[in-house]
Amino acid sequence: WNWQSARHAMAPCYVPPRGRGPWRTARAGCRACSVRAKAAKRENANANASTSASTSTGTSGTSSNGTRGHRDNGQKEKASFQLCRTDGFTCETQSAHMANGVVQFEGPSAHHHMLVWKTRPQTVLLLKKRGRALLWHLKDVALFLRNELSLRVIVEREVGEEVENMPELSFVETFNKAEVSQLPSLVDFVVCLGGDGVVLHASRLFPKAVPPIMSFHLGSLGFLASHKPEDYKKDLMSVCSSCLESPLSGTFVTLRMRLSVQVLHKGVPIPGKEYQVLNEVCLDRGSNPYLSMIECYERNRLITKVQGDGVLLATPTGSTAYSLAAGGSIVHPSVPAILFTPICPHSLSFRPVLLPDSAEIELKVPDDARSSAWVSFDGKSREQLQNGDSIQVSMSEYPMPSINKRDQTDDWFNSLVRCLRWNERQEQEPLPEFDEHSDSVWESGHF
């Protein structure tokens, strides 16, 4: 077994025609192809001879001695094949899209998901946006969670200091920065009061597995907050009552893909510089007067160089955020894709593209670049990248489950219309009826 024999086993060599002669399928200097071509020629000759002999005996295929002969029309058995699922480094022997020698899909790759509790939830993390504006909303929700649903309520330390003077909220618990790593093992689900910023903050609190997040629209935009604040009692009761005994009464959730980003210095990963991004990672020129020069690699292959203000790598959830303002496409959160969106590129042909979620991207500041670059993660933790530094971006294995009001598609379209006024216009009126007794449409009054 060697590379050349394996190559010829997969496909024949191809040589373009010379002059006006016929196309050749065997390379002159290739012994394997020459042997195979001669064998194929002999098989074709034998098949033609058999066909001619069969035809000469008549259409009935009866031989001279009166016996029924075998008709050979030159058709061979169809070759079989298989699909191997691979990421470029490892492969599986059989793909799920192969059945009985036929390539087919068993169904759509994206499915609806429902949240069904095996055991009743015990602990909830209650978050709100900064300030005292939503303090009374937090009080009502916390009392309902405690008194009606018998849940343990945990809030951030800043919120705990704000409610110290409220004796009715003495049951709430707090945590500090050192205890953040213990939240995944304590919290059953998260309730957010505010806008999209609170949801992004909740995502940052869980660098690995994220509990289900339920967000109530109490902010300025609230694209990710699909629940109305006046319905908090009904919605919270519905979530906590979705038990295993009645799975069809569960709550729909959207598994929002996140990006895993690692910062590297001269090709070496920097400890403690790994981030989980829900919206986008942005690499831009910052305050430098020069264009950004950013090399973009996919699995160590250079795919392009960005010359402009910068570039965004966004999730489908982040497609309605910074990427949308930079001219990127609007993508449903269940689509498995990574958005590659340039920021003010110095090229008319540089358009945003969608990459598969299996892509592994590296954005690097070249060694000979005129200036450094700046990187930010969901608009936070902004830091400078010097020449030779880079970031590696891939799909995170820990998505963020967001609890839907209805289902993932209905909530998404409602947010598009509510927040972005998507496709809102005055409807076209029907054609007026023509009055045959009037000389013109103006006299009939239909205009």
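All of the points below concern the structure found in this document. (Residues numbered from 1 in each chain as written. Predicted model: local features only at pLDDT ≥ 70, side-chain atom pairs only at ≥ 80, totals over all residues. Heavy atoms only, no water.)

What follows covers the overall build of the chain. When helices and strands are counted, the chain shows 10 helices and 21 strands. Here the chain holds 447 residues, and 39% of them are scored as buried. Contacts in the chain between residues at least 24 apart in sequence constitute 62% of all its contacts with a sequence separation of at least 6. By element, 52% of the accessible surface of the chain is carried by carbon and sulfur atoms, the whole surface being about 27400 Å². (Helix = DSSP H or I, 4+ residues; strand = E, 2+ residues; numbered from the N terminus. Buried < 20%, exposed > 50% of the residue type's maximum accessible area, 1.4 Å probe, protein only. Contact = heavy atoms within 4.5 Å. Areas by Shrake-Rupley, 256 points an atom, 1.4 Å probe, with all protein chains shown as cover.)

Once that is clear, we can look at the nonpolar core. In terms of nonpolar packing, the biggest core is built from 33 residues, with Leu126, Val191 and Leu236 touching the most fellow members. Counting only elements with at least two residues in this core, the list comes to strand E4 (123–128), helix H3 (135–147), strand E5 (152–156), strand E7 (189–194), strand E8 (213–217) and helix H7 (232–240). Not counting the four nearest positions on each side in its chain, leucine 126 is found in contact with Leu138, Val141, Ala142, Val153, Ile154, Val155, Val191 and Leu193. Membership of the second largest hydrophobic core comes to 28 residues, among which are Leu259, Cys296, Val311 and Ile391. (Core = buried A, V, L, I, M, F, W, Y, C linked by side-chain atoms within 4.5 Å.)

The end-to-end C-alpha separation of helix H9 (residues 408–420) is 17 Å, in line with the 18 Å expected for 13 residues at 1.5 Å each. Looking at H9, one finds that the buried residues are Gln408, Asp411, Trp412, Ser415, Leu416 and Cys419. Angular distribution of buried residues about the axis of H9 spans 140°; they occupy a single face of the element. Packed against the buried residues of H9 are strand E9 (251–256). Between the side-chain oxygen at the start of H9 and the backbone nitrogen of threonine 409 there is a gap of 3.1 Å, and the oxygen is on aspartate 407. (Expected span 1.5 Å × (residues − 1). Arc of directions from axis to C-beta. Polar contact = N/O pair within 3.5 Å; in protein donor to acceptor, adjacent residues only side chain to side chain.)

As a further point, take the pairing of strand E10 (residues 259–265). Counting buried residues along E10, six of its seven residues qualify, which places the element largely inside the surrounding structure. Here E10 runs beside strand E11 (residues 268–277); their pairing, made up of six bridges, is antiparallel. In the sheet register, glutamine 262 faces E11, and the bridge partner there is glutamate 274. (Pairing = 2+ DSSP bridges.)

Taken together, the side chains of Ile330, Phe413, Val417, Leu420 and Trp422 define a hydrophobic patch exposed on the protein surface, amounting to about 380 Å² of accessible area. The class for leucine 420 is partly exposed, based on a relative accessible area of 31%. (Patch = residues over 30% accessible without salt bridge, like charges linked within 9 Å, V, L, I, M, F, W, Y side chains within 5 Å. Salt bridge = Lys/Arg side-chain N within 4 Å of Asp/Glu carboxyl O.)

All right, on to the pairing of E8 then. Burial within E8 is extensive, with four of its five residues counted as buried. Looking at chain direction, E7 and E8 are connected through five bridges and run parallel. Bridging from a neighbouring strand, glycine 194 pairs with histidine 217 of E8. Traced from E7 through helix H6 (residues 196–205) to E8, the parallel crossover comes out right-handed. (Right-handed = clockwise from strand over helix to strand, strands pointing away.)

This brings us to the side chain of serine 376. Counting through the fold element by element, serine 376 comes out in strand E18 (residues 373–377). Judged by its relative accessible area of 8%, serine 376 falls in the buried class. Excluding its chain neighbours within four sequence positions, the residues that come into contact with serine 376 are Glu280, Val281, Cys282 and Arg382.

If you walk through the whole model with that rule in mind, you get 12 salt bridges. The salt bridge involving lysine 128 is made with glutamate 162; its shortest N-O contact spans 3.3 Å. Taken together, the positions of lysine 128 in strand E4 and glutamate 162 in helix H4 (residues 157–162) put the pair 34 residues apart, joining distant regions of the chain. You'll find lysine 128 and glutamate 162 in the same group, each marked buried. Residue glutamate 360 is joined to arginine 299 by a salt bridge in which the shortest nitrogen-to-oxygen separation is 3.6 Å. Linking glutamate 360 in the loop between strand E16 (353–356) and strand E17 (361–364) with arginine 299 in the loop between strand E13 (292–298) and strand E14 (301–314), this pair joins segments that are 61 residues apart in sequence. On the basis of relative accessible area, glutamate 360 is assigned to the partly exposed category, the value being 39%. Residues joined in a network through salt bridges with shared partners are Glu298, Arg299, Arg301 and Glu360.

With that out of the way, let us pick up the packing of H3 against H7. Taken N-terminus to C-terminus, the directions of H3 and H7 make an angle of 35°; their axes are 11 Å apart at the nearest point. Along this stretch, H3 crosses H7, giving a crossing that reads as right-handed. Packed against H3, whose contacting residues are Asp140, Val141, Phe144 and Leu145, the element H7 presents Tyr232, Lys233, Leu236 and Met237 at the interface. Class assignment of the residues belonging to the contact of H3 with H7 gives a composition of six nonpolar, no polar and two charged. (Axes fitted to C-alpha atoms, helices over the stretch in contact; angles between N-to-C directions. Left-handed = near helix turned anticlockwise from the far one by under 90°. Nonpolar A, V, L, I, M, F, W, Y, C, P; charged D, E, K, R; others polar.)

This part takes up the environment of valine 375. As for its placement among the helices and strands, valine 375 is situated in strand E18. Classification of valine 375 by relative accessible area gives buried; the value is 0%. A C-alpha to C-alpha distance of 6.5 Å links valine 375 and aspartate 284, two positions 91 residues apart in sequence. If we skip the residues at most four places from it in the chain, valine 375 touches Val281, Cys282, Leu283, Ser381, Arg382, Glu383, Leu385 and Ile391.

To continue, consider the side chain of glutamate 362. Position of glutamate 362 among the secondary structure elements: in strand E17. Buried within the structure, glutamate 362 lacks any salt-bridge partner; lysine 364 is the closest side chain of opposite charge, at an N-O distance of 6.0 Å. One polar contact links glutamate 362 to serine 390, side chain to side chain, over a distance of 2.9 Å. Ignoring sequence-local partners within four residues, the contact set of glutamate 362 consists of Glu295, Cys296, Tyr297, Asn300, Ser390, Ile391 and Gln392. (Lys, Arg positive; Asp, Glu negative; His and termini not counted.)

Right, let's talk about unusual backbone geometry for a bit. The backbone phi angle of lysine 266 is positive, close to 55°, even though this residue is not glycine. Within the fold, lysine 266 resides in the loop between E10 and E11. Located in the positive-phi region is asparagine 423, a residue other than glycine, with phi close to 55°. When you line up the elements, asparagine 423 lands in the loop between H9 and helix H10 (441–444).

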